[in-house]
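Geometric and topological summary
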Amino acid sequence: ATTLYCVLAFLGTWSFGDKVADFGDFQTSLYTQFRMIVGEFNLPTDEDSGFKFTFGLYAIIYFLMVFSLLLNFFLAIVIDSYANVKDSVKDCKVENSVAWDIPAAFAYPMIAMIRGWPQRPKFVKQLMRTDMNQDGQNDEDEVNGVAITAESLVRFGFMKNINSALAFMRYYEYTCPAIGLNWQEKAMQLDHKKAVQKANILDKV
């Protein structure tokens, strides 16, 4: 597309650059063609103006190649990609829609305040510091993961009582479909793990 755009700009400069100021040099031709893309053809309107065969032929070729061909190709790619993403989201069983996620994100702080649940940042930090299965190892390094139950949430001080813990787990089962489907995300290294690895490397140096 870029090559074709530059070729047309060169043809415009070479064909009538000495007669039309908008095509006086190659850089000006590039800018003029950009203006033509947005609909500003800047045709002459004085009394001596009329149809110039060379410029008319160039304008027709430019319109057919850029508007009818390149832009339609671009729109076809965008629409096809949008259709693929739309179908993937529609078939996805582990994610909710945006219309659901946004209200759920704003509702959690109020629900947490009413039910006495911890706020998300505090809960995550405490969860990362706690050895839930008491094996002396970092739970994030466990190959098969660590099961979190309502009893363990109460035992390690995440929740005040068993009823609050059960309500908390039911809430996340309802708002996070991936929990009920035993879905596992592709392995990826979190930022805090990368920071720990860098710190260990610096200690060895």
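Throughout what follows, the structure given in this document is the object of discussion.

The rules we used
- Every residue gets a number counted from 1 within its own chain, in the order that chain's sequence is written.
- It should be noted that, the model being predicted, local features are given only for residues of pLDDT at least 70 and side-chain atom pairs only at 80 or more, the latter also being counted only at that level, while totals for whole chains, interfaces and linings use all residues.
- No hydrogens and no water enter the side-chain calculation; it runs on all heavy atoms of the structure.
- Secondary structure is summarised from DSSP: a helix means a run of H or I of at least four residues, a strand means a run of E of at least two, and numbering begins at the N terminus for each.
- Throughout this description, buried means an accessible area under 20% of the type-specific maximum (1.4 Å probe, protein chains only), exposed means over 50%, and partly exposed covers the range between.
- Residue contacts are defined here by distance: any two heavy atoms, one from each residue, within 4.5 Å place the two residues in contact.
- Accessibility throughout is a Shrake-Rupley quantity obtained with a 1.4 Å probe, and a residue counts as covered only by protein chains that appear here.
- What is meant by a nonpolar core is a set of buried Ala, Val, Leu, Ile, Met, Phe, Trp, Tyr and Cys residues, joined one to another through side-chain atoms within 4.5 Å.
- Only Phe, Tyr and Trp rings are paired, with Trp represented by its six-membered ring, and only when their centres lie within 6.5 Å; those with planes under 30 degrees apart are stacked, over 60 edge-to-face, the remainder tilted.
- Either the NZ atom of lysine or the CZ atom of arginine qualifies as a charge over a ring when it sits within 6 Å of the ring centre and within 35 degrees of the ring normal.
- A fitted line through C-alpha atoms represents every axis, and for helices the fit uses only the stretch in contact; the resulting angles, taken between N-to-C directions, go from 0 to 180 degrees.
- Any angle from 65 to 115 degrees is called roughly perpendicular, while one under 35 is roughly parallel, one over 145 is roughly antiparallel, and all others are oblique.
- The crossing is said to be left-handed when, going from far helix to near helix, the turn is anticlockwise and less than a right angle, and right-handed when the turn is clockwise.

Topic: the overall build of the protein
Scanning the protein from N- to C-terminus turns up nine helices and zero strands. When its helices and strands are written in sequence order, the protein yields α-α-α-α-α-α-α-α-α. Evaluated residue by residue, the protein yields a buried proportion of 21% over its 205 residues. Within the protein, contacts between residues at least 6 apart in sequence are counted, and of these 51% link residues at least 24 apart. When the accessible surface of the protein is split by element, carbon and sulfur atoms take 62% of a total near 15500 Å².

Thoughts on the nonpolar core
It is characteristic of soluble globular proteins that their nonpolar side chains tend to be buried jointly. If you look at the biggest cluster of nonpolar residues, it comprises 13 residues, and the most contacted ones within it are Tyr-108, Trp-117, Leu-153, Phe-158, Met-159 and Phe-168. Contributing elements (two or more residues each) for this core: helix 4 (98-115), helix 6 (150-155) and helix 7 (162-175). When residues in this core are grouped by element, the largest group, four residues, is from helix 7. Setting aside its immediate chain neighbours within four residues, Met-159 contacts Trp-117, Pro-118, Leu-153, Val-154, Ser-164, Ala-165 and Phe-168. Core analysis: the second largest hydrophobic core is formed by ten residues, Tyr-5, Phe-23, Met-36 and Tyr-58 among them.

Structural notes on the packing of aromatic side chains
One pass over the structure, following the stated rule, counts ten aromatic pairs. One aromatic cluster is present, built from ring pairs that chain together Tyr-108, Trp-117, Phe-123, Phe-158, Phe-168, Tyr-171 and Tyr-172. Here the basic side chain of Arg-120 rests over the ring of Tyr-108, its NZ or CZ set 4.1 Å away from the ring centre.

A closer look at the side chain of Ser-164
Looking at where Ser-164 falls in the secondary structure, it is placed in helix 7. We classify Ser-164 as buried; its relative accessible area is 11%.

Thoughts on the side chain of Thr-175
Within the element layout of this structure, Thr-175 appears in helix 7. In this structure Thr-175 comes out as buried when scored by relative accessible area, which is 13%. When residues no more than four places from it in sequence are discounted, the contact partners of Thr-175 are Asn-96 and Trp-100.

Section: the packing of helix 1 (residues 2-16) against helix 2 (residues 26-37)
Between helix 1 and helix 2, the shortest axis-to-axis distance is 9 Å and the interhelical angle comes to 115°. Relative to helix 2, the element helix 1 is oriented roughly perpendicular. Helix 1 and helix 2 meet at a crossing whose hand is right-handed. In this structure, helix 1 uses Tyr-5, Cys-6, Leu-8, Ala-9, Phe-10 and Thr-13 to contact helix 2, whose residues at the interface are Phe-26, Ser-29, Leu-30, Gln-33, Phe-34 and Ile-37.

No statement about biological role is implied by the geometric values presented.
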